[in-house]
Amino acid sequence: MEKHNHTAMHKVTEFVLTRITDSPELQAPLFGIFLVIYLVTVTGNLGMVILTHLDSKLHTPMYFFLRHLSITDLGYSTVIGPKMMVNFVVHKNTISYNWCATQLAFFETFIITELFILSAMAYDRYVAICKPLLYVVIMAQKVCWALVLTPYLYSTFVSLFLTLKLFKLSFCGSNVISYFYCDSVPLISLLCSDTHELELIILIFSGCNLLCSLLIVLVSYMFILVAILRMNSSKGRYKAFSTCSSHLTAVVVFYGTLLFMYLQPKSSHTFAVDKMASVFYTLVIPMLNPLIYGLRNKEVKDASRSITNSWSSLKLMSIESVMPSSHLILCHPLLLLPPIPPTIRVFSSESTLHMR
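Residues numbered from 1 in each chain as written. Predicted model: local features only at pLDDT ≥ 70, side-chain atom pairs only at ≥ 80, totals over all residues. Heavy atoms only, no water.

Participant: Please clarify how the side chain of Thr-163 should be interpreted in this entry.
Facilitator: In this structure, Thr-163 sits in helix α5 (residues 141–167). Among the polar contacts listed, one links the side chain of Thr-163 to the backbone oxygen of Ser-159, at a separation of 2.6 Å. Those residues in contact with Thr-163 that sit more than four places away from it in its chain are Ala-101, Leu-104, Ala-105 and Glu-108. (Helix = DSSP H or I, 4+ residues; strand = E, 2+ residues; numbered from the N terminus. Polar contact = N/O pair within 3.5 Å; in protein donor to acceptor, adjacent residues only side chain to side chain. Contact = heavy atoms within 4.5 Å.)

Below, the structure written as structure tokens:
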């Protein structure tokens, strides 16, 4: 990779993020589209977190992992979305040196965590279908917390390590990032220092994270498929497949996008293609996940109806508590009148004279 001349080196204090497109007529429509996408993402994922927390029927390992999947979706879409939308309304979208490093660190933390939470969800489905009698024992609360906290801690370590490694090197020449957010690949192109070691480290971590998590998913679903094929009843097969369909859809969409980015031949690997793929997995997929799990899952739909009905009942009860009942209005209307204040006795002058 060709580097800039060291004589042009200067301390970079801010970066300039580029737009998805430079066409002026597309800025307003794209801003509206991505604003709607982000609002749906926030509403859907926040709703899923609240729903799985409030409804006792959803206090199972499957929905425990789904809650944390929604947290990671909400996390990295919020790290990227608002700043990207600024690009559509300002002429020059700058981000400070420190905020760029912060955005990169948080984005990597959430995206790596999502990879392994999807793997944990695949393992959970494997235990539920292949070892149903031992499900409660294997997927105990401590195990579920371990399967969630480990990705959070690991991804935090990896993101901090890679971010510090990258931002310790010297930037020179242009400070324009050919991307709509701070990502490691476009930032590396702005470095003056030798980047072979850094590129190798990023490649190793990225490859290991993607392949290890994908391997867990593939092995889990291989055992699930074998177990489903061995079932005698078609009803049992349908029920087993329906419990996996939402997760399988989310996995195909997410890993398919990442594999498309990483497995492209170098001849067709351009920043423009990467931008489109990045828009899809940073903004569109976090919006789709709550819809996939909400629309295809009967328990989630039932829980949302139950909570909506309970909120409606509470609102009705609160209104009735401050409004008189119809029986009282029809049968005892006089009781609804305000109380008559006590009469004030006025002494006349005659009574005063008589008392004297």
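Participant: Explain the sheet that holds strand β3 (residues 176–177) here, please?
Facilitator: By definition, the strands of a sheet pair up through backbone hydrogen bonds, in either a parallel or an antiparallel sense. Strand order in the open sheet formed by three strands is β2-β1-β3, with mixed pairing between adjacent strands. With one partner strand each, in any of the chains shown, β2 (93–96) and β3 form the two edges of the open sheet. As paired strands, strand β1 (residues 14–17) and β3 are joined by two bridges and run parallel to one another. Paired with Leu-17 across the two strands is Ile-177, which belongs to β3. (Pairing = 2+ DSSP bridges.)

Participant: Any chance you could explain the confidence of the model for the chain here in plain terms?
Facilitator: A low pLDDT means the predicted coordinates there should not be read in detail. On average, the chain scores 82 in pLDDT, and the residues at 70 or more come to 79%. Counting interchain partners and residues more than four positions distant, the pLDDT-below-50 stretch residues 1–8 has 17 contacts. (pLDDT = per-residue confidence, 0-100.)

Participant: Explain the pairing of β1 here, please?
Facilitator: When a strand is regular, its side chains alternate between the sheet's two faces. Both β1 and β2 contribute to a ladder of four bridges, which runs antiparallel. Its bridge partner lying in β2, Phe-15 is registered against Ile-95.

Participant: Looking at this structure, I do not really get a nonpolar patch on the surface. What am I missing?
Facilitator: Together, Leu-215, Val-219, Met-222, Phe-223 and Val-226 line one region of the surface with nonpolar side chains, adding up to about 440 Å² of accessible area. Tracing the backbone shows Phe-223 in helix α7 (residues 196–230). (Patch = residues over 30% accessible without salt bridge, like charges linked within 9 Å, V, L, I, M, F, W, Y side chains within 5 Å. Areas by Shrake-Rupley, 256 points an atom, 1.4 Å probe, with all protein chains shown as cover. Salt bridge = Lys/Arg side-chain N within 4 Å of Asp/Glu carboxyl O.)

Participant: Sorry if this is basic, but what is going on with α5 here?
Facilitator: Because each turn of an α-helix spans 3.6 residues, side chains separated by three or four positions end up pointing in the same direction. For α5, spanning 27 residues, the distance from its first C-alpha to its last is 39 Å, which sits close to the expected 39 Å at 1.5 Å a residue. Residues of α5 that are buried: Cys-144, Val-148, Pro-151, Tyr-152, Ser-155, Val-158, Ser-159, Leu-162, Thr-163, Leu-166 and Phe-167. Its buried side turned inward, α5 meets β1, α2 (61–86), α3 (97–130), α6 (184–188) and α7. (Expected span 1.5 Å × (residues − 1). Buried < 20%, exposed > 50% of the residue type's maximum accessible area, 1.4 Å probe, protein only.)

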